[in-house]
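Given next are the chains, with one letter for each unit.
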Amino acid sequence: MMDWQALQLSLLLGCSTAALLLPCAIIIARWLAWRRFRGRNLAQAAIALPLILPPTVLGYYLLTVLGNQSPVGEAFNALFDESLVFSFQGLLLASFIFNIPFAVQPMQNAFRTIPDDLREAAWCCGLSGWRTFWKIELPLAWPGVLSALVLTFAHTLGEFGVVLMVGGNIPGETRTIAIAIYDRVQAFDNRSAGLMSATLLLISMAAITLMYAFNDRLDRRRGG
Amino acid sequence: MADNAIHISLRQDAPIPLAVDLGCAGGEILVLVGPSGSGKTTLLRAIAGLLTPAQGRIECNGETWLDTSAGTCIPLQQRRVGMVFQHYALFPHLTAQENIAIALGHLDPAQREPRTRELLELVHLKNLDRRLPAQLSGGQQQRVAVARALARDPRVLLLDEPFSAVDQQTRRKLVRELAQLRGRLNIPILHVTHDLNEARQIADRICIIHHGAALQIDAPDEIMARPKNSHVASLIGHYNIYEGTIADHDAAKGETRLLWEGLELQAPHRPEFAVGQKVEWVIPEDQMVLHQRRRPSAGERENPVIGVIEECTQLGHHTNISLKPRHCEALLNFTVPAHVARRNDLREGEGIGVSLLQQGIHLMGKS
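Let us look at the structure shown here. The residue numbering used here restarts from 1 in each chain and proceeds along that chain's sequence as written. Each chain gets a letter, beginning with A, and each ligand a number, beginning with 1, in the order they are written. For this predicted model, a pLDDT threshold of at least 70 governs which residues receive local features, and a threshold of 80 or more governs which side-chain atom pairs are given and counted, while totals over whole chains, interfaces and linings are taken from all residues. Here the side-chain values reflect all heavy atoms present in the structure, with hydrogen atoms and water set aside.

**Some details on the pairing of strand β9 (residues 189-193) of chain B**
Along any regular strand the residues' side chains alternate between the sheet's two faces. All names here are of chain B. Type-normalised accessible area, obtained with a 1.4 Å probe on protein chains alone, sets the label of each residue: buried when under 20%, exposed when over 50%, and partly exposed for intermediate values. Strands here are runs of E lasting at least two residues and helices are runs of H or I lasting at least four, both read from the DSSP assignment and numbered beginning at the N terminus. Among the five residues of β9, five are classified as buried, and the element is accordingly described as predominantly covered. For two strands to be treated as a pair, DSSP must find at least two bridges joining them. As paired strands, strand β3 (residues 29-33) and β9 are joined by five bridges and run parallel to one another. Residue pairing across strands places isoleucine 29 opposite isoleucine 189, the latter belonging to β9. When strand β8 (residues 156-160) meets β9, the two strands line up parallel, connected through four bridges. Pairing of aspartate 160 across the sheet is with valine 192, part of β9. Seen with the strands pointing away from the viewer, any crossover whose path from the first strand over the helix to the second strand runs clockwise is right-handed. Chirality of the crossover, the property in question, places the unit of β8, helix α5 (residues 168-184) and β9 among those that are right-handed.

**As for the pattern of salt bridges**
Put simply, a salt bridge is a Lys or Arg side-chain nitrogen that is within 4 Å of an Asp or Glu carboxyl oxygen. Scanning the model with the defined rule gives 27 salt bridges over all chains in all. Taking the shortest distance from any N to any O, the salt bridge between arginine 119 of chain A and aspartate 116 of chain A comes out at 3.7 Å. On the criterion of helical spacing, the pair formed by arginine 119 of chain A and aspartate 116 of chain A is a turn pair, its members being three residues apart in helix α7 (residues 116-124). Taking relative accessible area as the criterion, arginine 119 of chain A reaches 13% and is therefore assigned buried. Classification of aspartate 116 of chain A by relative accessible area gives partly exposed; the value is 45%. Across the pair aspartate 21 of chain B and arginine 11 of chain B runs a salt bridge whose closest N-O atoms are separated by 2.5 Å. A residue pair is termed long-range when its members are at least 10 positions apart, and aspartate 21 of chain B in strand β2 (residues 18-24) and arginine 11 of chain B in strand β1 (residues 6-12) qualify at ten residues. Judged by its relative accessible area of 44%, aspartate 21 of chain B falls in the partly exposed class. Owing to a relative accessible area of 33%, arginine 11 of chain B belongs among the partly exposed residues under this scheme.

**A short note on the interface of chain A and chain B**
Contacts were defined at the residue level, with two residues in contact if any of their heavy atoms lie within 4.5 Å. Contact with chain A, which involves 20 residues of that partner, is made by 21 residues of chain B. Each of two parts loses accessible area, computed with a 1.4 Å probe, when they are put together; buried area is these two losses added. Taken together, the two surfaces of chain A and chain B that pack against each other cover about 1800 Å², and 69% of this comes from carbon and sulfur. Linking chain A with chain B are one salt bridge. Across the pair glutamate 120 of chain A and arginine 45 of chain B runs a salt bridge whose closest N-O atoms are separated by 2.8 Å. Definition of a polar contact: a pair of N or O atoms within 3.5 Å, with one able to donate and the other able to accept a hydrogen when the atoms are protein atoms, and with sequence-neighbouring residues admitted only if both atoms are side-chain atoms. At the junction of chain A with chain B, the criterion picks out four residue pairs in polar contact (both at pLDDT 80 or more). When residues of the side of chain A that touches chain B are traced back to their parent elements, those giving at least two are α7, α8 (129-158) and α11 (190-223) of chain A. No other element matches the seven residues that α7 of chain A contributes to the side of chain A that touches chain B. For this classification, the nonpolar set comprises Ala, Val, Leu, Ile, Met, Phe, Trp, Tyr, Cys and Pro, the charged set comprises Asp, Glu, Lys and Arg, and every other residue, Gly included, is treated as polar. Here the side of chain A that touches chain B is built from residues that sort into ten nonpolar, five polar and five charged.

Function cannot be inferred from these measures alone, as they are strictly geometric.
Take a look at the structure:
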């Protein structure tokens with residue numbers, strides 16, 4: 001049996017994470033691509049950390065930092081009268097954090113490849129910093145931005161360790177499709193596990209294929 | 001005063017030194033010439049507002065764009081500068097038409113399309129308006145860049161080595177087009193290049209720049225014939241730069257006599273140099289006349305120098321000759337057509353004579 005609720009939750013989590021990360025990652029990526037400052041390497045290392053840390057370690061720290069006894073957890077509880085851990089909001093925050101490198105790095109590479117003289121030419125054409133961003137930088141960095149969004153979305157669908165540590169396995173609240181698959185395997189329900197795995201595979205494959213197709217089309221158009 | 005001219009005075013020591021005072025009138029092409037890293041592009045960037053120098057003042061058409069003493073620095077978006085970048089910096093995702101239209105933000109939306117068409121026509125590209133930069137040749141890209149620079153109705157046009165990325169044939173064509181364009185614009189044009197020949201073709205005046213300093217600003221012929229000092233002379237490609245001492249002046253004959261390692265030479269009258277003063281002097285290659293070995297002529301009496309050919313190298317249709325005069329160790333360098341070298345049997349070790357034309361000798365204060 002397909003766990004539609006878990007699939008819906010995963011898609012919601014994936015889209016929300018990508019949407020939340022989009023503006024933040026663009027700001028961080030532009031900053032890292034064009035600014036030289038003291039501590040830049042440390043900042044880049046901190047951003048890349050979720051790529052190499054075991055998900056359980058990241059999950060443990062998030063659980064500690066967001067837990068009800070922590071200042072963050074207490075503040076959230078006081079503000080919204082809700083717990084941050086084992087809730088969708090907590091899951092979204094954790095998902096946001098562990099996806100930062102997947103969003104920032106492709107965007108950073110994309111912004112870095114924009115030659116300085118294009119931005120300068122835009123300013124000389126009278127474009128403000130904001131219009132230069134919309135008219136020149138974003139369209140040129142768009143393949144990287146799209147890759148970042150698709151990677152974030154696909155990675156969120158498949159994330160297991162952090163989700164389990166921070167969100168647990170509450171149906172309709174924190175049970176994502178990856179958790180549901182694990183749950184079905186534990187219950188020896190291989191048919192459901194297989195069906196859900198195939199669905200996840202297809203969605204991820206379709207998203208990444210679309211991304212490559214779009215970028216390829218753009219490359220061909222701009223390459224003449 | 002709104003005179004269409006630009007007046008620039010900039011000073012800074014670091015990161016890139018600048019020491020420049022220059023002006024350029026409306027309709028004038030001032031070419032900034034200097035070797036790579038001499039600060040030419042930095043100067044253009046400072047005018048455009050892409051960098052702010054430590055000290056300086058820039059005034060264009062009566063507007064003060066920069067006055068560091070008064071704390072004035074107009075943002076580059078408000079400076080009305082048309083800039084053509086070295087590699088054009090066209091926006092690769094926009095068509096030729098869009099590349100131009102994007103710089104028309106100061107016009108009403110209804111005026112933008114006709115103005116874009118007008119500019120495309122001006123640079124002979126009206127049929128290629130829908131093409132992306134990657135679909136255009138180097139010369140066509142350069143034309144789009146010029147049209148985009150003109151789109152803002154700029155108060156000054158800045159061209160940063162605009163011909164460096166095109167082949168010779170296209171370059172000749174573009175140089176011609178720039179000369180035609182200048183007739184239609186009444187704004188100052190500052191053109192950066194390291195190619196002196198290109199500068200001589202298009203400049204009304206040339207400014208020689210080195211280590212960020214403007215060493216001399218003059219008309220091309222003036223700068224070539226009368227460099228201010230030996231530094232400028234070597235930067236504009238003069239090889240024959242020597243030291244000498246003023247022997248005496250003869251105002252009646254209109255000449256100054258110069259002692260060069262014991263040999264007396266007649267130079268044009270320069271009474272500002274005192275007798276006995278050490279000077280530097282230069283003679284352009286084309287002001288040296290080879291004595292024909294079989295048929296001596298009267299012209300050979302003018303500053304004759306006799307010596308031995310130390311080096312004789314044929315390069316294409318020309319032969320470069322280094323002559324070691326009898327009276328000193330310095331070498332005189334000049335070029336003759338290869339057939340002349342053959343006819344006169346010029347070879348290393350052969351003795352020959354040359355005349356240094358009096359009018360070609362230029363005396364300079366010691367730098």
